[in-house]
Amino acid sequence: MKLASYADGSRDGHLVVVSRDLTQAHYANGIATRLQQVLDDWGFLAPQLEDLAVQLNHGRLRHAFAFEPAKCLAPLPRPQGWSVLQPDGTLRREAGDLLAPQQPLRAVARPEAALGLITGDLPAASEAGAALDGLRLLTLVLDWRLDGELLASQAAPLAVTPDELGPAWQAGRLQARLQCLHNGARQEPAELTLTLAQALARAARLRRLRAGQLVGQSLPLPELALAAGDSLHLDLKGADGQSLFGAIDLDLGSSDA
């Protein structure tokens, strides 16, 4: 299933289920109003959301409406923790909430992309297989660093269950293409094959992870000479060219984050 959080004036937004083709959505009222609620009670609430997603995909929901990414917050605006596995195997702890996918930044900074893994409760020292069993949802995250400090983190509109990734997901391995457009100009896409169990196990090596923890695995980005007023579009796509999580689409240096 595909999940998003629509802005409603609250810190966490309102949970919606999104159709497989990203055209329709439906509020999850009666099941849960926030994604963290679902993560805290996954075994009971997730199957209900799956049923809602099936009905939505088959056009059976009378109150479905057109999905608008511009109305989305990050799927999980306030994760329980946030860390990124670096290419050298070290784990960098991050901090702060996640901004919306189209929220402009107040300053030009250096972007760092990551595949975001949202976990359920995971005991400390979990082996790779058990850690993968604790994976609940995936999304795309973009960190912004200015003079070496984290300025902000943004997330794509959607968080999706692994089964929703189709052939792009095989036994804990994701195959995808990272598409980047700078001022509308397409950069050379990065072809990715990511094995994710080790990233989760590394994050849980010394401490347990709570439901709603976000673990990132670094993704390569092209070298970009960014300037104030530029636009950046980042999207992770499957082999069929379909967006996996929706795009992070924003302007730089145009307003406060």
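You'll find the structure just up there.
Being a predicted model, the structure only gives us computed values, none of them experimental.

**Quick look at the side chain of Q36**
Secondary-structure assignment places Q36 in helix α1 (residues 35-40). At 2.9 Å, the side chain of Q36 forms a polar contact with the side chain of D40. Setting aside chain neighbours within four positions, we find Q36 in contact with L76, Q80, A211 and G212.

**What to know about the environment of L214**
Mapped onto the elements of the fold, L214 is located in strand β16 (residues 213-219). Linking L214 and R92, residues 122 residues apart in sequence, is a C-alpha distance of 12 Å. Excluding residues that lie within four positions of it along the chain, L214 makes contacts with P79, G81, W82, S83, L98, G116, L117, I118 and V141.

**Remarks on the pairing of strand β2 (residues 14-18)**
A regular strand carries its side chains on alternate faces of the sheet. Among the five residues in β2, five count as buried, and that is most of the element. The two faces of β2 match: H14, V16 and V18 on one face and L15 and V17 on the other face are all buried. Examined bridge by bridge, strand β1 (residues 2-6) and β2 share five bridges and lie antiparallel to one another. Residue A4 lies in a different strand from β2, and its bridge partner there is V16. When β2 meets strand β3 (residues 24-27), the two strands line up antiparallel, connected through three bridges. Along β3, the bridge assignment pairs V18 with A25. In this antiparallel pair of consecutive strands, β2 and β3, the connection spans five residues, and L22 shows a positive phi of 65°.

**Concerning helix α2 (residues 42-57)**
Counted at 1.5 Å a residue, the expected span for α2 with its 16 residues is 22 Å, and the 21 Å between its end C-alpha atoms agrees. When we look at burial in α2, the residues that qualify are W42, L45, A46, L49, L52, A53 and L56. With its buried residues spanning 120° around the axis, α2 presents them on a single face. Turned more than 90 degrees away from the buried face of α2 sit G43, F44 and D51, all of them exposed. For α2, the elements touching its buried residues are β1, β2, β3, α1 and β9 (135-146).

Cut-offs used in this document
- Residues numbered from 1 in each chain as written.
- Predicted model: local features only at pLDDT ≥ 70, side-chain atom pairs only at ≥ 80, totals over all residues.
- Heavy atoms only, no water.
- Helix = DSSP H or I, 4+ residues; strand = E, 2+ residues; numbered from the N terminus.
- Polar contact = N/O pair within 3.5 Å; in protein donor to acceptor, adjacent residues only side chain to side chain.
- Contact = heavy atoms within 4.5 Å.
- Buried < 20%, exposed > 50% of the residue type's maximum accessible area, 1.4 Å probe, protein only.
- Pairing = 2+ DSSP bridges.
- Expected span 1.5 Å × (residues − 1).
- Arc of directions from axis to C-beta.

Honestly, that's just the spatial picture; any functional story needs more than this.
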